[in-house]
Amino acid sequence: MITPPYLKKGDTIGIVCPSGYLPAKKTTICIQMLTSWGFRVKIGKTVGHQHHYFSGTDEERLADLQQMLDDNSIQAILCGRGGYGLSRLIDQLNFRQLKKYPKWIIGFSDITVLHAHLYQQVKMASLHAPMSAAFSKPDLSSVFTLKKALLGKKQIHTCAPHPFNRTGKVTGPLIGGNLSLIAHLIGSPSALHTKGAILFLEDIGEYVYNIDRMLIQMKRSGVFDKLGGLIIGGFTDCKDTEIPFGLTVAEVIRNQVQEYSFPVCFDFPVSHDTANVALKHGIPYELTISKRKVSLREA
Amino acid sequence: MKRAQFISSLVTTGLLSSSALVAGAQERKHPLRKWHIPPTLQKGDAIGITCPSGFAMPEDVAPAIQYLQNWGLQVVTGKTVGLKDHTFGGTDEERAADFQEMINRKDIKAILCARGGYGAVRIIDQLDFSPLKKYPKWIIGYSDITVFHSHLHAHAGMASLHAKMTEGFPTDPSLFEPVQLQALDTIRRALFGEPLQYSVPASTRNRLGEVEGILIGGNLKIIETLSATNSDIDTRNKIFFVEDVGEALYSIDRMFCNLKRSGKLSHLKALIVGSFSSIRPDDPQEPFGKTIYDIVWEQVKEFNYPVCFDFSVGHQKNNVALKCGVPHRLVVGEQASVLTQIQAG
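> Explanation requested: the overall build of chain B in the structure shown.
The number of helices and strands found in chain B is 10 helices and 13 strands. The buried share of chain B, reckoned over its 345 residues, is 53%. Taking contacts inside chain B between residues at least 6 apart in sequence as the whole, the part at least 24 apart equals 83%.

Next comes the structure, spelled out in structure tokens:
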């Protein structure tokens, strides 16, 4: 696994929108803060650009991201926002130059496609972390974890115990992201190989029954067979059918993984909500789940 | 093809309603591999009704029972009809047991799934399909029942019937539009072994061509969520059809990306696009900007096989019975697209 070099003051972060449209004004606070941290910022052509739903045509988004990947004067790429769109580009990206000059690629939600692909096909670590919108929130604690991660500080994340947690301790590469996208990638060349790994999952706006269906797909495609550990983040604004499914999201997940023995924790601070700590995707972590606490530390 | 031209002319002259069944389709000897095709039904045969997914109450299935009896069939109402476990037609155990009993029974020659919804994938791995080798039978349904079509195709090589379910049968036939009654009658024709042929008017977005191949497909979302599982279908050299309901355009686009990236669009004989109904509205600030035609076309433009849009399959009144796992001939012509079942020789 290639670990890109950590950043130092004076390094440059590129901002690019490979998926949905992001109005330029929504990046102002983000740019100010990155600058205040001592970084230079380079704005891609897709920031503030709109082609219907997307931040440009496929060609424009591809060209912008490719240019950022190939630009040796940039040390990290922050994806401005998620939405949808990377699945349309991923097979056309060229990672040759990135392999020679590795850099951190930052984002979550739709950016899960990029994290998974980098892990499986490029063998490169990346950063599952807040994007530009998070910089404007009143609670910046998760945003500061991104700063620490970029500067190479080893981190420990903790969370409160949950009655559904399954205790245990495991060390393995930390991978994962948005459940819908992890499921969507199954069967494709970007599908995650989860043997021995610590998998984290979060989602937003999904129906409970659909979460059940996606977990069954993961189960039936072998994702859980040799998994090291499972971290369940936030499932924000999940929906139910008119006739209720009859289980909460946490109950659905607990039921689907009860036949396995790997450690599981719930309510970890990774989500579409404010609690969304920076996680180094592809890097080994140690997950410890005890009755009293949960900790995730870089191994 | 003379026959196709003939049908096309009927469509264009208005003698044949769009997607109407064409009676008396010529029987052909098929040159393709013979799959396990359940025997056609005879009057007096038994057909089971069961709920592997969402629940159905006795009053929901009553019109179907009446209709099936009028066709001369005996109806075996499964234990799950009338059961309700939240959204499901009984617990997983109850639904699996009921379906298993239908599979095991020698006298049951077809199984009509009462309705879709969600739940088939929760029981599919608990079912033992091996008795189907001794007692082959038609499994009927669509939407969530795509799990069965896909699984049977992947495992048993067994043909099945993608068709309307119990809610498609009317309490009072006079309240149904002719197209709904015609679509229902295609189930009867399919089960009793009458030739099946469907014609739909040409879409300007079609890619023309003529092919023969085994027909498979179903609900796009279900096909995506079966990807890389042991119910996943091999679409190579198949005539592949998809439909869906209630999805957002971006989600349909993403699912077509999955089909493409998992290799399912690469070696098709043809692609049939049914209806994508009740599409979830876009955020008015960010309209997706592509139609279903654009979405499909972008994914298949690099290939050469025929593509037929607006086919009469999906969550709509005109949802004709399609025999999955059975060889068909598809002619996508200038005037019409015609899908013909190739009769076993």
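This is not the end of the story, as more comes after the structure.
> Would you mind showing me how to read the packing of helix H7 (residues 208–220) of chain A against helix H8 (residues 249–257) of chain A here?
Residues and elements named next belong to chain A. One can describe the packing of H7 onto H8 by two numbers: an axis separation of 10 Å at closest approach and a directional angle of 20°. Classed by the angle they form, the pair H7 and H8 counts as roughly parallel. As H7 packs across H8, the resulting crossing turns out to be right-handed. Residues Val208, Ile211, Asp212, Leu215, Ile216 and Lys219 of H7 lie in contact with H8, whose contacting residues are Val249, Val252, Ile253 and Gln256. Per-class residue counts for the contact of H7 with H8 are 7 nonpolar, 1 polar and 2 charged.

> Whenever I open this one, the sheet that holds strand E4 (residues 138–141) of chain B confuses me. Can you help?
Strands belonging to one sheet form pairs held by backbone hydrogen bonds; the direction of such a pair is parallel or antiparallel. All names here are of chain B. Reading across from one edge, E2-E1-E3-E4-E5-E11 is the order of the 6 strands in this open sheet, with mixed pairing throughout. The strands lining the two open edges of the sheet, one partner per strand, are strand E2 (74–77) and strand E11 (322–324). Across the sheet, the mean angle from the axis of one strand to that of its neighbour is 25°, orientation sign disregarded. Bridging between strand E3 (residues 108–113) and E4 involves 3 bridges; their strand directions are parallel. Across the sheet, Ala110 pairs through a bridge with Trp138, a residue of E4. Here helix H2 (residues 58–70) sits on the sheet and contacts strand E1 (46–50), E2 and E3; the angle it forms with E2, its principal contact strand, is near 150°. Packed on one face of the sheet, helix H3 (residues 92–104) meets E1 and E3 and runs near 170° to E1.

> Can you walk me through the interface of chain A and chain B in this structure?
In many analyses, interface size is given as the accessible surface area lost on bringing the parts together. Taken residue by residue, the interface counts 28 residues in chain A and 21 residues in chain B. A per-element tally of the side of chain A that touches chain B places H7(A) first, with 6 residues. Taken together, the residues of the side of chain A that touches chain B break down into 13 nonpolar, 11 polar and 4 charged.

> What should I look at first to understand the confidence of the model for chain B in this one?
In low-pLDDT regions, the fine details of the predicted coordinates are not to be read closely. Residue and element names in this part refer to chain B. Looking at chain B as a whole, its pLDDT mean stands at 90, while 90% of the residues score no less than 70. Every residue in residues 1–34 is under pLDDT 50, and counting partners more than four places away or in other chains gives 58 contacts. Interface confidence for the predicted complex, given as ipTM, is 0.95, next to a pTM of 0.92.

> Would you explain the nonpolar core in this entry?
Where a protein is soluble and globular, its nonpolar side chains tend to be buried together. Counting residues in each nonpolar core, the largest one holds 194 residues, and the members touching the most others are A:Ile106, A:Ile231 and B:Ile140. Setting aside residues up to four positions removed in sequence, A:Ile231 forms contacts with A:Ile198, A:Leu199, A:Phe200, A:Cys265, A:Phe268, A:Leu287 and A:Leu296.

> What is the right way to read unusual backbone geometry from this model?
One can expect most non-glycine residues to show negative phi and most peptide bonds to be in trans. Residue and element names in this part refer to chain B. You will see that Ser143, though not glycine, has its phi angle at about 60°, which is positive. Counting through the fold element by element, Ser143 comes out in the loop between E4 and helix H6 (146–156). Ser143 gets classed as buried once you count the C-beta atoms within 10 Å, which come to 27. In this structure, Ala228 takes a positive phi of about 65° despite not being glycine. Inspection of the secondary structure puts Ala228 in the loop between helix H8 (220–225) and strand E8 (238–245). Residue classification places Ala228 among the partly exposed residues on the basis of 18 C-beta atoms within 10 Å.

> What should I look at first to understand the pairing of strand E7 (residues 168–178) of chain A in this one?
All names here are of chain A. The pairing of E7 with strand E12 (residues 284–289) spans 6 bridges and is antiparallel. Residue Thr171 lies in a different strand from E12, and its bridge partner there is Glu286. Where E7 lies against strand E8 (residues 198–204), 5 bridges are found, and the strand directions are parallel. Each residue of the ladder has a partner; that of Leu174, found in E8, is Ile198.

> Any chance you could explain the sheet that holds E12(A) here in plain terms?
Residues and elements named next belong to chain A. Read across the open sheet, the 7 strands follow the order E6-E13-E12-E7-E8-E9-E10; overall the sheet is mixed. With one partner strand each, in any of the chains shown, strand E6 (156–159) and strand E10 (264–265) form the two edges of the open sheet. In the sheet, strand E9 (residues 229–236) pairs with E10 via 2 bridges, with the strands oriented parallel. If you follow Leu230 over to E10, its bridge partner there is Val264.

The rules behind these values
Residues numbered from 1 in each chain as written. Chains lettered and ligands numbered in written order. Predicted model: local features only at pLDDT ≥ 70, side-chain atom pairs only at ≥ 80, totals over all residues. Helix = DSSP H or I, 4+ residues; strand = E, 2+ residues; numbered from the N terminus. Buried ≥ 20, exposed ≤ 12 C-beta atoms within 10 Å, placed from the backbone. Contact = placed C-beta atoms within 7 Å. Axes fitted to C-alpha atoms, helices over the stretch in contact; angles between N-to-C directions. Parallel < 35°, antiparallel > 145°, perpendicular 65-115°, else oblique. Left-handed = near helix turned anticlockwise from the far one by under 90°. Nonpolar A, V, L, I, M, F, W, Y, C, P; charged D, E, K, R; others polar. Pairing = 2+ DSSP bridges. pLDDT = per-residue confidence, 0-100. Core = buried A, V, L, I, M, F, W, Y, C linked by C-beta atoms within 7 Å.

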